[in-house]
Amino acid sequence: MTEKEPPVPPIIHIRRLTKTYWNGDVAIPAVRGVDLDIEEGDFVSLTGPSGSGKSTLMNLLAFLDAPDSGTYQFGGQDITAFDEDYRAELRNAVIGFVFQQFFLLARTTALDNVAMPLMYAGKKKRQAREQAYDVLQKVSLEHRIYHNPNELSGGQQQRVCIARALVNNPRIIFCDEPTGNLDSKTAKEIMDIFDKLNDEGKTIVMVTHEPSIAKHAKTQLCMKDGKMTEKC
Amino acid sequence: MLITHITTSFRQLLANKGKSALTMLGVVIGIGSVIFIMTLGEVAKNFLLSQVTQFGTNVIEVAGSGEFGPLGDSDPVAITDDDIKELKDSNLLPEITALSAGYTTAKTAEYNGENYSLSIFGDWPDYFAINNYQLLAGRFFTESEVHNGAKVVVIGNTFAEDVFETYDNAVGKQISIDGTTFKIVGVVEEPAAMSGFIQQIIVYAPLTTVRRLYAPAEQQDEVIYILIEFAQGTDSVSFERRLKYELERITGAEEGTEPFLILSRTQFIEIFDTILLAIQLFVSAIAGISLFVGGIGIMNIMLVTVNERTKEIGLRKAVGAKNQSILIQFLIESIVLTTVGGIFGIIFGLGLSAFAVFAVNLALPAWDVSFVFVPLAPILACGVSITTGIIFGLYPALKASKLHPIESLRYE
């Protein structure tokens, strides 16, 4: 018998995960038994036609929703049965979100938008702002910290979102069409940021339908009819 | 976190100034009227108290038969001059320091071709001392003038000003009352309440004169009211009881009947307090309705806000806000709305009260009413505002807290 290092569990490990949505009385099987492992430090793109279940899967992976069946282990810990409050805590602690529509708070400065998740972690306002300033610096927006979202360009707004996603130093970042509302030049700038973050070791999961964006990922996954497919 | 919620709430409030102002109106009016009625009640009470103290609080008034008539089912009992003398010398009532008893009736006076409706009080000179009347010009009538039935009269300052312009000018003038000529010997300063509120001219003449001229033959030795001043520090309840006993004994009134109306001046305050409380309860009920309507307005605007900010709620939940945090956030927003409304209501109520006091002073300068700040009122108002915010903000806040993060983010 040789001494072996215990294997590092994948950050995400799901088996036979299912989720059905109800539109009135009509059942819509959005995710139909997905098996998936995502290693720490990976950059995963998730593509597929609309209605393929890729957003639903991302919501499940990001603890925004609970699966109907199947198992989900995050960093080796089974979180399938976690309740709503615990999932909120987990999102706050280990997950960063970047959305297509930015979802920045109006009439709130970039600094406070970025600091917001830390408030729910119980951080003091001053400390939260200091941390927010650090990540805004990372996305080269230190000169824009007191601007409200309506005073920022689309690219700048998305960089505020990235800063907000990074502020709690998450283990994984989920992006939903992060460049969907941006022109191609700005999209490239944003993708450069994600590439750099991944180079630094951040795990990234990105839902997109643009092949050129998906190419940035190390692992390209495709979904169709609620299941993983080999070919995109 | 709490401070963040409060600043966020203010930002929301200022972002929709017009909408917020209209929403808060119900609360402003509700709180404003509570403040107004509490303040004015206190102002009125203080005014009345100052008037009563001016009269002297250690005075009891007794009304017998005559213009007050019988009280209850009993027949009127006459009080005669002999009864008064006996009462004054009663062993049971050693605390009496002064006593005056009189007869009063309403007559028409004539001066310089003008007619004036007035009440003429026939009494003893002690009347002025008991009521604390200050002499402004001339003199009071004397005891010997009462004995002689002299046709002299003392008038109040308002009447003197209206008819003779100056007080000194009034003294020595002849005035005809119901056809009899009287000589004005003095002008007294009447209590402010009498000069302004009742709007009634009162003149004072010797008891015997008034009775001889105006009382019917069978009432020539009767009085219809008694004013009794008693020593300071007397137990007024015990005094009143003994007084009642003596009055019934002396006049021979049937036992168990209530032929006399005995009113101490402190009782006036008690009666006023009761009336004031009734008015305050009534206005509070109206304010309650206004607050209820205002509260529904708050609930409505909060529901609209929750609807408008569904995406924000979704985002907050996505980044880790628990249901409870969202609940507290929206509850605080609703409390901020009602509290700001309440503060405006307090300002509005105090402003209105100050204006009312100013207006009264302008119309009736003699009253000299002063503004009173009631510290309890704004404290109570703040409490009510916060409570309104909690009650009417709870449902929208609960609704917000239960939103699903994904559905909220997708909400269009």
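Residues numbered from 1 in each chain as written. Chains lettered and ligands numbered in written order. Predicted model: local features only at pLDDT ≥ 70, side-chain atom pairs only at ≥ 80, totals over all residues. Heavy atoms only, no water.

Caption draft 1: Structural context of the overall build of chain A. The helix and strand tally for chain A stands at seven helices and ten strands. The burial tally for chain A puts 52% of its 232 residues in the buried class. Across chain A, every contact between residues at least 6 apart in sequence was considered, and the portion connecting residues at least 24 apart equals 71%. Total accessible area on chain A is roughly 11,300 Å²; 48% of this is exposed by carbon and sulfur atoms. One finds the centroid of the 28 positive side-chain charges in chain A at a distance of 3 Å from the centroid of its 31 negative side-chain charges. (Helix = DSSP H or I, 4+ residues; strand = E, 2+ residues; numbered from the N terminus. Buried < 20%, exposed > 50% of the residue type's maximum accessible area, 1.4 Å probe, protein only. Contact = heavy atoms within 4.5 Å. Areas by Shrake-Rupley, 256 points an atom, 1.4 Å probe, with all protein chains shown as cover. Lys, Arg positive; Asp, Glu negative; His and termini not counted. Charge placed at Lys NZ, Arg CZ, Asp CG, Glu CD.)

Caption draft 2: Region of the structure containing the pairing of strand E8 (residues 203-207) of chain A. Residues and elements named next belong to chain A. Burial analysis of E8 places five of its five residues in the buried class, the great majority of the element. Both strand E3 (residues 43-47) and E8 contribute to a ladder of four bridges, which runs parallel. Across the sheet, Val44 pairs through a bridge with Val205, a residue of E8. When strand E7 (residues 172-176) meets E8, the two strands line up parallel, connected through five bridges. Paired with Cys175 across the two strands is Met206, which belongs to E8. Note on the crossover from E7 through helix H6 (residues 184-199) to E8: the handedness is right-handed. (Pairing = 2+ DSSP bridges. Right-handed = clockwise from strand over helix to strand, strands pointing away.)

Caption draft 3: Geometry of the nonpolar core. One finds Ile12, Ile14, Leu57, Leu61, Phe74 and Phe174 of chain A to be the most contacted residues of the largest nonpolar core, which totals 70 residues. The biggest single contributor to this core is helix H13 (residues 323-363) of chain B, with eight residues. Ile14 of chain A has contacts with Val34, Asp35, Leu36, Asp37, Leu57, Leu61, Thr71 and Tyr72 of chain A, leaving out every residue within four places of it along the chain. Counting residues in hydrophobic clusters, the runner-up holds 65 residues, among them Val163, Val185, Leu227 and Ile250 of chain B. (Core = buried A, V, L, I, M, F, W, Y, C linked by side-chain atoms within 4.5 Å.)

Caption draft 4: View of the sheet that holds E7 of chain A. Residues and elements named next belong to chain A. Strands sit in the order E6-E7-E8-E3-E9-E10 across an open sheet of six strands; the sheet is mixed. Whereas interior strands pair on both sides, the edge strands pair on one side only; in this sheet they are strand E6 (95-99) and strand E10 (227-229). If you compare each strand with its neighbour and ignore which way they point, the axes differ by 25° on average. Where helix H2 (residues 84-94) meets the sheet, its contacts fall on E6 and E7, and the angle it forms with E6 comes to roughly 80°. Relative to the sheet, helix H5 (residues 154-166) contacts E6 and E7, its axis offset from that of E6 by approximately 165°. (Axes fitted to C-alpha atoms, helices over the stretch in contact; angles between N-to-C directions.)

Caption draft 5: Focus on the sheet that holds strand E5 (residues 77-78) of chain A. Residues and elements named next belong to chain A. Here four strands make up an open sheet; going across it, the order is E2-E1-E4-E5 and the pairing antiparallel. For this open sheet the edge positions go to strand E2 (26-38) and E5, each flanked by a neighbour on one side alone. Relative to E2, strand E1 (residues 12-23) runs antiparallel, the two sharing ten bridges. In the strand pairing of E2, Lys19 is matched with Val31.

Caption draft 6: A look at the packing of helix H3 (residues 81-88) of chain B against helix H10 (residues 236-251) of chain B. All names here are of chain B. At a minimum axis distance of 10 Å, the contact between H3 and H10 shows a crossing angle of 140°. When the axis of H3 is compared with that of H10, the two are oblique. Between H3 and H10 lies a crossing of right-handed hand. Of the residues in H10, those touching H3 at Asp83, Glu86 and Leu87 are Leu243, Glu246, Leu247, Arg249, Ile250 and Thr251. For the contact of H3 with H10, the per-class residue count stands at four nonpolar, one polar and four charged. (Parallel < 35°, antiparallel > 145°, perpendicular 65-115°, else oblique. Left-handed = near helix turned anticlockwise from the far one by under 90°. Nonpolar A, V, L, I, M, F, W, Y, C, P; charged D, E, K, R; others polar.)

Caption draft 7: A look at unusual backbone geometry. Residue and element names in this part refer to chain A. In this structure, Phe63 takes a positive phi of about 60° despite not being glycine. Checked against the element boundaries, Phe63 lands in the loop between helix H1 (54-61) and strand E4 (69-74). Using a relative accessible area of 0% as the deciding quantity, one classes Phe63 as buried.

Caption draft 8: Helix H4 (residues 125-138) of chain A, seen in detail. All names here are of chain A. Taking 1.5 Å per residue, 14 residues should reach 20 Å; H4 reaches 20 Å between its end C-alpha atoms and fits that length. Looking only at H4, the buried set comprises Ala128, Ala132, Val135 and Leu136. Considered in projection along H4, the buried side chains sweep an arc of 105° and stay on one side of the axis. Of the surrounding secondary structure, the elements contacted by the buried residues of H4 are helix H3 (110-120) and H5. (Expected span 1.5 Å × (residues − 1). Arc of directions from axis to C-beta.)

Caption draft 9: View of the interface of chain A and chain B. Each partner contributes residues to the interface: chain A has 23 residues there, and chain B has 24 residues. Note on chain A versus chain B: buried area summed over both sides is about 2,200 Å², and carbon and sulfur give 59% of it. Remark: the boundary between chain A and chain B carries one salt bridge. Glu89 of chain A is paired through a salt bridge with Lys322 of chain B; the nearest N and O atoms lie 2.4 Å apart. Seen at the junction of chain A and chain B, the total is eight residue pairs in polar contact (both at pLDDT 80 or more). The biggest single contributor to the side of chain A that touches chain B is H2 of chain A, with six residues. In the side of chain A that touches chain B, the residues fall into eleven nonpolar, four polar and eight charged. (Buried area = accessible area lost by both parts, 1.4 Å probe. Salt bridge = Lys/Arg side-chain N within 4 Å of Asp/Glu carboxyl O. Polar contact = N/O pair within 3.5 Å; in protein donor to acceptor, adjacent residues only side chain to side chain.)

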